[in-house]
Amino acid sequence: MHITLIMSSMRTHLKLCLLTSLLLLLSLPCAAQQDPVKRIDLYVRTEMARQKIPGLSLAIVRNGKISTLRSYGFANLEHQVPVTPETIFQSGSIGKQFTAAALMILVQDGKISLDDRVTKYFPDAPATWQSITIRQLLTHTSGMQDFPPDLDLRRDYTEEEYLASFKKAPLSFAPGSRWDYSNAGYATLGILIRKVTGMFYGDFLKARIFEPLGMTTARIISEADIVPHRAAGYRLVAGEIKNQQWVSPSTNSTADGSLYFSILDLVKWDAALYSESPLRQSTLAQIFAPTRLSDGGTKGYGFGWFTDTMHNRRIMFHGGAWQGFKSFILRFPDDKLSIIFFANSWELRDFKFARGLAALFYPEFTLPEIKTIEDDDPKTRAAVRRVLLQLSKGELNADAFTADGRSEMTVDRVKKIRENLESLSLPVAVISLSELIERRDENNLRVFRYLLTDIGQTLECTVKVTKDDKIAAIELTRKG
């Protein structure tokens, strides 16, 4: 089909979704409030139209069984293939919980210990790795950075080449002293699984988790294989939907999140988390325990799961973002309620979307009623994002500020901003998905207000910027 016809069809589809949502909102307010499926449909279709999401698969699970199973939009725009429950999506980082599960199976088997030093398995590791434990790799407290910037995502590497690259990179902090999300750390765990078992980690997952649980379509990503019901991933470029970018086969095989799943696979996995197999409940208690840092502080992250108490409710969750796909699993274990979704769009604001779904069941998670506006200044947005990410680690780039702006960034002020940003479950993701809510001029300064939406809270960031892109002031406030 000619691409013009495809995009025309897609635009028509999105308009119809939005029109349907508006009609539902206007004509069925009482029914929408009473019928949970209609409320879910109204929310999902409205957000898909607003965010230009091609397709989405959603499951609401109660007591390990499907309560609501919904499919929306297209799995493939070029062939106009609709999403179904059997549609296969890429996992992104929700794959980390399976890598963590594989390690904990090895712990149950007595093959490894969480407190083993990684040098036991990689004896030629640098001196800086001498105190890193398996537990610290699982909890993102090893000090390892993300993938080194010199890795080429379009080049194939062996596991030995990946590991050599990780070894050369300096640690960001002393092991155990801080928390910072590290894909390289989980890729290292996948290599460690082969060291211990002699099996590629994907084969180990298949043998010990996927096959026993009947997750029949769960597997490692492969663009070469014929994969029935595989969705295509998409991204927005200048407002137009484009195909996902290509990466090498080895890039799509590392243990930080390179899996295929259908929504039905994740429902079976969720049910298994209430059982004694493949992981015992005593093992799962370790997986879902918050991480304790060496200074006595804690981070709401266990082994491959964010784990916390929000609005007086225990909650466990993880998202994934990769190659034109977003994924999320959000669990309320005390109520045995889980929300799981996949989407084939890089632009989906997954934390905000998940929170909006949670609010349909728990009003205390309701999003602030603040209207967002189109952000037509990506340069400023990128500059603000860099500064916020640095501040989230307690770092201050003085060159990014005016002289007066630097003087206001005292040690105590930087510490306070860092604490606010560190309170976000995953600062890098939430900051990247910030939304503009105001743009105005004030005393020769450009003022931008951004919204940073997490699962349990929202931060508002106000930034004042000079004409030459220097930050004159920055302030964070909580909005609920």
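Remember, predicted model here, so these are calculated numbers, not experimental data.

For the protein, the helix and strand inventory stands at 15 helices and 18 strands. Computed over its C-alpha atoms, the radius of gyration of the protein comes to 22 Å, within 12% of the 23 Å expected for a compact globule of 480 residues. Classification of the 480 residues of the protein by burial places 54% in the buried group. For the protein, contacts bridging at least 24 residues in sequence account for 64% of all contacts bridging at least 6. Total accessible area computed for the protein in this model is approximately 21,000 Å², and 52% of it derives from carbon and sulfur atoms. One finds the centroid of the 60 positive side-chain charges in the protein at a distance of 2 Å from the centroid of its 54 negative side-chain charges.

Contact pair helix α6 (residues 159-168) / helix α7 (residues 183-197): the axes reach a minimum separation of 10 Å and the direction vectors enclose 135 degrees. In this view, α6 runs oblique relative to α7, as classed from their interaxial angle. Seen from above, α6 lies across α7 with left-handed handedness. In this structure, α6 contributes Glu159, Tyr162, Leu163 and Phe166 to the contact, and α7 contributes Ala184, Ala187, Thr188, Ile191 and Arg194. Residue composition of the contact of α6 with α7, grouped by class: six nonpolar, one polar and two charged.

This paragraph deals with the nonpolar core. Within the largest apolar cluster, 130 residues are counted, with the highest numbers of intra-cluster contacts made by Trp269 and Ile474. No other element matches helix α4 (residues 96-108), which puts eight residues into this core. Those residues within four positions of Ile474 in sequence are excluded, and the remaining contacts are Val387, Leu388, Leu391, Phe401, Met409, Arg413, Ile417, Cys461, Thr462 and Val463. Formed by five residues, the second largest nonpolar core is a distinct cluster that contains Leu77, Ala232, Tyr234 and Ile241.

Its place among the elements puts Asn183 in helix α7. Relative accessible area serves as the criterion here: at 13%, Asn183 is assigned to the buried category. When neighbours within four sequence positions are excluded, Asn183 is seen to be in contact with Ser93, Lys96, Asp146, Phe147 and Asp256.

Attention shifts here to the confidence of the model for the protein. Confidence in the prediction of the protein, expressed as mean pLDDT, is 93, and 93% of residues score 70 or more. Counting contacts from residues 1-10, a segment whose pLDDT is below 50, to residues more than four positions away or on other chains yields 11 contacts.

The tally for this structure, following the rule as stated, stands at 25 aromatic pairs. The interplanar angle of 35 degrees and the centroid separation of 5.0 Å between the aromatic rings of Phe98 and Phe261 together place this pair among those described as tilted. One end of the pair, Phe98, is in helix α4; the other, Phe261, is in strand β8 (residues 259-261), and 163 residues separate them in sequence. Take Phe98: its relative accessible area is 0%, and that puts it in the buried class. We classify Phe261 as buried; its relative accessible area is 0%. Ring geometry for Phe341 versus Phe353: centroids 4.9 Å apart, planes at 85 degrees, classification edge-to-face.

Next up on the list: the sheet that holds strand β11 (residues 306-310). Pairing is antiparallel in the open sheet, where seven strands are placed in the order β3-β2-β1-β14-β13-β12-β11. Single-partner strands in this sheet number two, and they are β3 (81-82) and β11. Note: strand β13 (residues 325-332) against strand β14 (residues 337-343), seven bridges, orientation antiparallel. The residue of β14 that forms the bridge with Ser327 is Phe342.

Most of helix α11 (residues 350-359) is tucked away: 10 of the 10 residues are buried. Every buried residue of α11 is accounted for by Asp350, Phe351, Lys352, Phe353, Ala354, Arg355, Gly356, Leu357, Ala358 and Ala359.

Moving on: the pairing of strand β17 (residues 458-465). β17 sits mainly inside the fold: seven of its eight residues count as buried. Pairing between strand β16 (residues 445-453) and β17: eight bridges, direction antiparallel. The partner of Tyr450 across the bridge, within β17, is Cys461. Hairpin geometry of β16 and β17 is characterised by an intervening segment of four residues between the two adjacent antiparallel strands. Summarising the sheet, β17 and strand β18 (residues 471-478) pair through seven bridges and their orientation is antiparallel. Within β18, the position partnered with Cys461 by the bridge is Leu476. Counted along the chain from β17 to the antiparallel partner β18, the turn is five residues long, and its residue Asp469 has a positive phi close to 65 degrees.

About the criteria used
Numbering of residues starts from 1 in each chain and follows the order in which that chain's sequence is written. Given that this is a predicted model, residues contribute local features only at a pLDDT of at least 70 and side-chain atom pairs are listed and counted only at 80 or more, while totals for whole chains, interfaces and linings are drawn from all residues. As a rule here, side-chain values cover all heavy atoms of the structure and leave hydrogens and water aside. Helix and strand labels come from DSSP, where a helix needs a run of H or I of at least four residues and a strand needs a run of E of at least two; each type is numbered from the N terminus. The size measure is the radius of gyration over C-alpha atoms, and the globule rule it meets is 2.2 Å times the number of residues to the 0.38 power. Burial classes follow relative accessibility: with a 1.4 Å probe on protein chains only, a residue under 20% of its type's maximum area counts as buried, one over 50% as exposed, and anything between as partly exposed. When checking whether two residues touch, look at their non-hydrogen atoms; a contact exists if any pair is within 4.5 Å. Calculation of accessible area relied on Shrake-Rupley with a 1.4 Å probe; when residues are assessed, cover is drawn exclusively from the protein chains displayed. Positive charge is attributed to Lys and Arg, negative charge to Asp and Glu, and no charge count is given to His or to the chain ends. The location of each charge is read from NZ of Lys, CZ of Arg, CG of Asp or CD of Glu. Interaxial angles span 0 to 180 degrees and are taken between N-to-C directions of axes, which are lines fitted to C-alpha atoms, for helices over the stretch in contact. An angle below 35 degrees is treated as roughly parallel, one above 145 as roughly antiparallel, one from 65 to 115 as roughly perpendicular, and anything else as oblique. Crossing handedness is read from the near helix: turned anticlockwise from the far helix by less than a right angle, it gives a left-handed crossing, and turned clockwise, a right-handed one. In the scheme used here, Gly and all other residues not listed as nonpolar or charged are polar, with Ala, Val, Leu, Ile, Met, Phe, Trp, Tyr, Cys and Pro taken as nonpolar and Asp, Glu, Lys and Arg as charged. Here, the term nonpolar core denotes a set of buried Ala, Val, Leu, Ile, Met, Phe, Trp, Tyr and Cys residues that are joined through side-chain atoms within 4.5 Å. A score between 0 and 100, pLDDT records how confident the predictor is in each residue. Pairing of aromatic rings covers Phe, Tyr and Trp, the last counted by its six-membered ring, and requires centre-to-centre distances within 6.5 Å; plane angles under 30 degrees mean stacked, over 60 mean edge-to-face, and any other angle means tilted. If DSSP finds at least two bridges between two strands, the strands pair.

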